[in-house]
Amino acid sequence: MTITRPAAVTRPAADAPAPKLWRIRLRRDRSLLLMTLPAVALLAVFAYAPMFGLVTAFQSYDIYSGFWYSPFVGFDNFERLFTDSIFWHALSNTLVISAVQLVLYFPVPIALALVFNEVANARIRSFVQSVVYLPHFFSWVLVVTVFQEMLGGAGALNTMLRRHGWATWDIMTNPDAFKYLVTAQAVWKEAGWGIIVFLAALAAIDQSLYEAAAADGAGRWRRLWHITLPGMRGVIMLMLVLRLGNALTVGFEQMLIQRQAVGRDASEVLDTFAYYYGVVNNNFSYGAAAGLFKGVLSLILVLAANKLAHAFGEDGLYRK
C-alpha cells in the first residue's frame, strides 16, 4: 500500500518583504479619497492656510510691514485683552446666548426627527420636511426681515394688539429678550436642516427590535424610551460635542444686523468684538488675540465634551 504524503506547505522566506498595508488601503479606497479632495482643498485654503495669520496676535501688526517686519510684542495683546471690560462683557454675552441656544435649540432637531419618523404618509412627510428645510437656504438678512415683519413695532403681532386696544411689545428692539429672539431665529432657520443627521440615525436602528418590543406588549412610548433614544444616543452625543465646540460662534452676521436695534450691550459677542475692536479700528493684532483666545477655549470645550461622551460609554469624536 502506497502512502501519499501531503505536499509541503510553502512558507515565505523570513527576509521576504511584507506587503505595505497603507498601499493596499490606498489602492482600495482611491475612489473615496478622490471624492474628498475638493473638501480637503476647501479646508486647506479657507481654514488651515489663514491660521498662519495668528502670528499677528503676538505682534504689533502693521499692514504695510507685513508678517515679517512687524515688531514682536509677545503676550502684550493678551494682557490688554484680559484687562478690557468690554471683552469680558462680550465673552459673558457669548456664553449666555450659547447656553440658551444649547437648552432651547439643540433638542428641537431631535424632536422634529422623532415626529417625522412617526409620519406614515410618505408624501406628507416629504412635503413637511421640504418646508422645514427651506429656511436653511435663506440669508440672515432675510431671516431678520421676516421676524421684523412679524414681531417688529409695525409687524403683524403689534398691529393685531393695537386693533384690540392692547399694549404693544416690540420684541425686535428689546435687549432683555434678545437672547431668546436670536435663539428663535436660529431654530426657524436651522432646525429643519439639523434633523438630517438624526433621521439617518433613526434609519440605522434595527426594525426587528420594534417588532419584538411590540410583540411583548410595549407601547409607543416604551419603544421610544427603550429603543429609539438609546439607538440615537451615540449620534446625539456626537452632535453635542460638535455643538459645544462651536458654542462660542453664535452668529456674527446675525448679531451684526441687529446690533443697532438692541444696542451693543445686548448684542456684543466675541466675533463682533474682534471685528469692531480689531478690523474696524485697524488694530489687527488685538482682533487676532481675541480670535485665538476663542479658538483655544473652543478646543477646551471640545475635549471636555468628548471626555464626557466617553464617560457615557460613547465614542464621541474619537475613541479612547
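Above this text you will find the structure in question.
Fair warning: this is a prediction, and the values are worked out from it, not measured in the lab.

Cut-off values and rules
- Residues numbered from 1 in each chain as written.
- Predicted model: local features only at pLDDT ≥ 70, side-chain atom pairs only at ≥ 80, totals over all residues.
- Heavy atoms only, no water.
- Buried < 20%, exposed > 50% of the residue type's maximum accessible area, 1.4 Å probe, protein only.
- Patch = residues over 30% accessible without salt bridge, like charges linked within 9 Å, V, L, I, M, F, W, Y side chains within 5 Å.
- Areas by Shrake-Rupley, 256 points an atom, 1.4 Å probe, with all protein chains shown as cover.
- Salt bridge = Lys/Arg side-chain N within 4 Å of Asp/Glu carboxyl O.
- Lys, Arg positive; Asp, Glu negative; His and termini not counted.
- Charge placed at Lys NZ, Arg CZ, Asp CG, Glu CD.
- Helix = DSSP H or I, 4+ residues; strand = E, 2+ residues; numbered from the N terminus.
- Core = buried A, V, L, I, M, F, W, Y, C linked by side-chain atoms within 4.5 Å.
- Contact = heavy atoms within 4.5 Å.
- Axes fitted to C-alpha atoms, helices over the stretch in contact; angles between N-to-C directions.
- Parallel < 35°, antiparallel > 145°, perpendicular 65-115°, else oblique.
- Left-handed = near helix turned anticlockwise from the far one by under 90°.
- Nonpolar A, V, L, I, M, F, W, Y, C, P; charged D, E, K, R; others polar.
- Phe/Tyr/Trp six-rings, centres within 6.5 Å; stacked < 30°, edge-to-face > 60°.
- Lys NZ or Arg CZ within 6 Å of the ring centre and 35° of its normal.

> When you look at unusual backbone geometry in this model, what are you seeing that I'm missing?
Glycine aside, residues mostly have negative phi, and peptide bonds are mostly found in the trans state. Not every positive phi belongs to a glycine, and Asn 282 is a case in point at roughly 60 degrees. You can call Asn 282 exposed: its relative accessible area is 58%.

> Mind showing me how you'd approach a positive patch on the surface here?
A contiguous patch of positive charge, built from Lys 20, Arg 23, Arg 27 and Arg 30, is present on the exposed surface. Take Lys 20: it is sitting in the segment before helix 1 (21-28). Given the relative accessible area of 45%, Lys 20 is considered partly exposed.

> Explain the nonpolar core here, please?
Soluble, globular proteins show a tendency: their nonpolar side chains are buried together. Ranked by size, the top nonpolar core spans 18 residues in total, and within it Ile 110, Leu 199, Leu 202 and Met 232 carry the most contacts. Every element with two or more residues in this core is listed here: helix 6 (107-118), helix 10 (178-203), helix 11 (207-215) and helix 12 (220-245). If one sorts the elements of this core by residue count, helix 10 sits on top with five residues. The contact partners of Met 232, leaving out residues within four places of it in the chain, are Ile 110, Leu 114, Phe 198, Ala 201, Leu 202 and Ile 205.

> Where do I start with the pattern of salt bridges in this structure?
Charged atoms that come close allow side chains of opposite charge to pair. Per the stated rule, a full pass over the model turns up five salt bridges. Note that Glu 118 is salt-bridged to Arg 220, the shortest N-O span being 2.4 Å. Taken together, the residues span a long stretch of sequence, with Glu 118 in helix 6 and Arg 220 in helix 12 at a distance of 102 residues.

> In this structure, what is going on with the packing of helix 6 against helix 10? I would like to understand it.
Angle between the axes and distance between the axes: these two values describe a pair of packed helices. Remark: helix 6 packs on helix 10, axes separated minimally by 7 Å, with the N-to-C direction vectors making an angle of 60 degrees. Considered as vectors, helix 6 and helix 10 are oriented oblique to each other. Judged by the twist between their axes, the crossing of helix 6 over helix 10 is right-handed. Along the contact surface, helix 6 presents Val 108, Pro 109, Ile 110, Leu 112, Ala 113, Leu 114, Phe 116 and Asn 117, while helix 10 presents Val 187, Ala 191, Gly 194, Ile 195, Phe 198, Leu 199 and Leu 202. Its residues placed into classes, the contact of helix 6 with helix 10 shows 13 nonpolar, two polar and no charged.

> Quick question: what am I supposed to make of a nonpolar patch on the surface here?
Together, Leu 242, Leu 299, Leu 303, Leu 317 and Tyr 318 give the surface a local cluster of nonpolar side chains, amounting to about 470 Å² of exposed area. By the secondary structure assignment, Leu 303 is in helix 17 (residues 284-311).

> What am I meant to see in the packing of helix 11 against helix 12 here?
Put simply, helix 11 and helix 12 touch, their axes get as near as 11 Å, and they point 150 degrees apart. Here helix 12 runs roughly antiparallel to helix 11, going by the angle between their axes. Considering how the two elements wind past one another, helix 11 and helix 12 form a crossing that is right-handed. Contacts between helix 11 and helix 12 involve Leu 209, Tyr 210, Ala 213 and Ala 214 from the former and Arg 223, Ile 227 and Thr 228 from the latter. Residue composition of the contact of helix 11 with helix 12, grouped by class: five nonpolar, one polar and one charged.

> Sorry, what's going on with the packing of aromatic side chains here?
In this description, an aromatic ring pair is defined by two values, namely the gap between the centres and the angle between the planes. The tally for this structure, following the rule as stated, stands at 20 aromatic pairs. Consider the rings of Tyr 61 and Phe 284, whose centres lie 6.1 Å apart with planes at 85 degrees: the pair is edge-to-face. Here Tyr 61, found in the loop between helix 2 (30-48) and helix 3 (66-69), pairs with Phe 284, found in helix 17; they are 223 residues apart in sequence, far enough to count as distant. Taking the relative accessible area as the measure of exposure, Phe 284 reaches 27% and is therefore partly exposed. Both rings, one in Phe 87 and one in Phe 293, keep their centres 5.3 Å apart while their planes meet at 75 degrees; by these two values the pair is edge-to-face. With a gap of 206 residues between them, Phe 87 in helix 5 (residues 85-104) and Phe 293 in helix 17 connect regions that are remote in the sequence. Comparing Phe 87 with Phe 293 shows no difference in burial state: the two are buried. Ring-pair connections join several aromatic residues into one group, and the members of that group are Phe 58, Phe 75, Phe 78, Phe 82, Phe 87, Trp 88, Phe 273, Tyr 277, Tyr 286 and Phe 293. One Lys or Arg, Arg 259, reaches over the ring of Tyr 276 and ends 4.0 Å from the middle of that ring.

On their own, these measurements won't tell you what the molecule is for.
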